[in-house]
Number of protein chains: 2
Amino acid sequence: MDRQSVVTSLSALAHGGRLDIFRLLVKAGPDGLPAGEIARSLQVMPNALSANLKVLSHAGLIGSRRDGRSIIYAADYSAMSNVLGFLMEDCCGGDAAICAPLVDIAARSACCAADAPNMPA
Amino acid sequence: MDRQSVVTSLSALAHGGRLDIFRLLVKAGPDGLPAGEIARSLQVMPNALSANLKVLSHAGLIGSRRDGRSIIYAADYSAMSNVLGFLMEDCCGGDAAICAPLVDIAARSACCAADAPNMPA
DNA sequence: TCCATATTTCAAAGGTAGTTGAACAATGCG
DNA sequence: CGCATTGTTCAACTACCTTTGAAATATGGA
């Protein structure tokens, strides 16, 4: 994963509304949620939601598939872990002796990374 | 950790130059690096570096202390883990059965979180 | 075909953030 | 004290991002 992709992902998440969307999808799991339900849950207008979903999708953080009239979005866990990995690469120069607290948070982050409903392209 | 703090942190990292700085400090470990050395390593002008260090510092991602004429910056690992934790909170609705790949990356992220040279304030 | 639902696209307005060069502090040494 | 070194601040300019409302596209059912 190159630096530019990571910057794009972080930029996508560096926005209150999009962070809410992403976290909702992270909680929702691999099955995802239809756009309309996201809009209702977060109380945002559909056009604003669509714009933000597009940004997250372009960053690769979420995927989408159509189901009838609805479009279902789901978090891409592997993309997320790539970003986290890039951030923490070669942490402490490889010497992870004094490290501990991050293991905890890391363990809690361990999550559904199997086949999410990824986009057609 | 509230949502706004996380957005501030992600915004700080959503910039090529600042991402380079942060990753360099993550690699450097708790002892950190003087600003001048960062500038030399990344080949950036001192005023631009100073501006970016200020953004990262204001976001709480790095700390600083003066040592003679130099100012030494170091990554704040606990701030980083707070951000990661917020992103992955209640992942998959608490059911982490199907999850695995993120554990790997998480383990690699485990790192120096002990007393970094935090700022005076 | 006609309509309702679900979601996206477009364009204009406003605000926010990045870049650059020059000037300004703070420290240490002779 | 005077000067070189190390970092920081300021101000102007540019560019990008966000927001909002209205119009457009796509699907499913009568």
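For the structure, check the block above.
Residues numbered from 1 in each chain as written. Chains lettered and ligands numbered in written order. Predicted model: local features only at pLDDT ≥ 70, side-chain atom pairs only at ≥ 80, totals over all residues. Heavy atoms only, no water.

Engineer: Outline the protein's contact with DNA strand D, listing residues and values.
Structural biologist: Inspection of the region around DNA strand D gives 18 residues, with A:Arg18, A:Asn47, A:Arg69, B:Gly36 and B:Tyr73 positioned closest. Separating a phosphate oxygen of DNA strand D from a side-chain N or O atom of A:His15 is a distance of 3.3 Å. Within the side chain of B:Tyr73, an N or O atom sits 2.4 Å from a phosphate oxygen of DNA strand D. Elements with a contribution of two residues or more to the surface near DNA strand D: α3 (35-42), α4 (46-58) and β3 (70-75) of chain B. (Near = heavy atom within 4 Å. Polar contact = N/O pair within 3.5 Å; in protein donor to acceptor, adjacent residues only side chain to side chain. Helix = DSSP H or I, 4+ residues; strand = E, 2+ residues; numbered from the N terminus.)

Engineer: So what about empty space enclosed by the protein? Which residues, and what values?
Structural biologist: Applying the stated rule across the entire model yields two cavities of 30 Å³ or more. Approximately 30 Å³ is the volume attributed to the second largest cavity. Taken together, A:Leu10, A:Leu13, A:Met80, A:Val83, A:Leu84, A:Leu87, B:Leu10, B:Val83, B:Leu84 and B:Leu87 make up the lining of the second largest cavity. Listed by contribution, the elements that provide at least two residues to the lining of the second largest cavity are α1 (3-13) and α5 (77-87) of chain A together with α5 (77-87) of chain B. In terms of residue count, the dominant contributor to the lining of the second largest cavity is α5(A) (four residues). (1 Å grid on protein atoms, 1.4 Å probe; cavity = no way out; pocket = protein on both sides within 12 Å on 5 of 7 lines; lining within 4 Å. Points joined across faces, edges and corners; volume = space filled by probe spheres on them.)

Engineer: Tell me about the sheet that holds β3(B), and name the residues and values.
Structural biologist: Residues and elements named next belong to chain B. With respect to topology, three strands assemble into an open sheet ordered β1-β3-β2, the strand pairing being antiparallel. The open sheet has two free edges, formed respectively by β1 (33-34) and β2 (62-67), since each of these has just one partner strand. Two elements, β1 and β3, share two bridges in a ladder whose sense is antiparallel. Looking across to β3, one finds that Pro34 is bridged to Ile72. (Pairing = 2+ DSSP bridges.)

Engineer: I'd like a rundown of the protein's contact with DNA strand C, residues and numbers included.
Structural biologist: Within the structure, DNA strand C sits among 17 residues, and A:Gly36, A:Ser50, A:Tyr73, B:Arg18 and B:Asn47 are positioned closest to it. Contacts to DNA strand C include A:Tyr73, whose side-chain N or O atom sits 2.3 Å from a phosphate oxygen. At a separation of 3.4 Å, a phosphate oxygen of DNA strand C approaches a polar side-chain atom of B:His15. The element best represented in the surface near DNA strand C is helix α4 (residues 46-58) of chain A, accounting for four residues. Looking at the surface near DNA strand C residue by residue, the classes come out as five nonpolar, seven polar and five charged. (Nonpolar A, V, L, I, M, F, W, Y, C, P; charged D, E, K, R; others polar.)

Engineer: Describe the pairing of β2(B), and please don't skip the residues or the numbers.
Structural biologist: Residues and elements named next belong to chain B. In this sheet, β3 lies alongside β2 in antiparallel orientation, the contact comprising six bridges. Paired with Arg65 across the two strands is Ile72, which belongs to β3. If you look at the hairpin formed by β2 and β3, you'll find two residues sitting between the two strands, and Gly68 has a positive phi there, around 70 degrees.

Engineer: Summarise the packing of aromatic side chains; cite the residues concerned and give the values.
Structural biologist: Scanning all chains against the criterion turns up zero aromatic pairs over all chains. Geometry around B:Phe86 places A:Arg23 over its ring, the cationic atom sitting 3.6 Å from the centre. (Phe/Tyr/Trp six-rings, centres within 6.5 Å; stacked < 30°, edge-to-face > 60°. Lys NZ or Arg CZ within 6 Å of the ring centre and 35° of its normal.)

Engineer: Residue-level account of the sheet that holds strand β3 (residues 70-75) of chain A, with values.
Structural biologist: What links the strands of a sheet is backbone hydrogen bonding, and the strands pair in either a parallel or an antiparallel sense. The three strands are arranged β1-β3-β2 (chain A) in an open sheet whose pairing can be described as antiparallel. Edge positions in the open sheet fall to β1 (33-34) and β2 (62-67) of chain A, since each of these has one partner strand only.

Engineer: I'd love a proper account of the side chain of A:Arg18, names of residues and values included.
Structural biologist: All names here are of chain A. When you line up the elements, Arg18 lands in helix α2 (residues 16-28). Here Arg18 is buried and forms no salt bridge, its nearest opposite-charge partner Asp20 lying at an N-O distance of 11 Å. Among the polar contacts listed, one links the side chain of Arg18 to the backbone oxygen of Ala12, at a separation of 2.6 Å. Sequence-distant contacts of Arg18, that is, excluding residues within four places in its chain, are made with Ser11, Ala12, Asn52, Val55 and Leu56. (Buried < 20%, exposed > 50% of the residue type's maximum accessible area, 1.4 Å probe, protein only. Lys, Arg positive; Asp, Glu negative; His and termini not counted. Salt bridge = Lys/Arg side-chain N within 4 Å of Asp/Glu carboxyl O. Contact = heavy atoms within 4.5 Å.)

Engineer: Tell me about the packing of α2(A) against helix α3 (residues 35-42) of chain A, residues and numbers included.
Structural biologist: Residues and elements named next belong to chain A. Axis separation between α2 and α3 bottoms out at 11 Å; the angle between their running directions is 115 degrees. Of the two possible hands of crossing, α2 and α3 adopt the one that is right-handed. Along its contact with α2, which presents Asp20, Ile21, Leu24 and Leu25, the element α3 presents Ile38, Ser41 and Leu42. Tallied by class, the residues present in the contact of α2 with α3 amount to five nonpolar, one polar and one charged. (Axes fitted to C-alpha atoms, helices over the stretch in contact; angles between N-to-C directions. Left-handed = near helix turned anticlockwise from the far one by under 90°.)

Engineer: With reference to specific residues and values, describe the pattern of salt bridges.
Structural biologist: Tallied over the entire structure, the rule returns two salt bridges over all chains. Note that A:Arg3 and B:Asp20 form a salt bridge whose closest N and O atoms lie 2.5 Å from each other. With one member in each of two chains, A:Arg3 in helix α1 and B:Asp20 in helix α2 (residues 16-28) form a pair that bridges those chains. Residue class for A:Arg3 comes out partly exposed when judged on its relative accessible area of 35%. On the basis of relative accessible area, B:Asp20 is assigned to the partly exposed category, the value being 24%.

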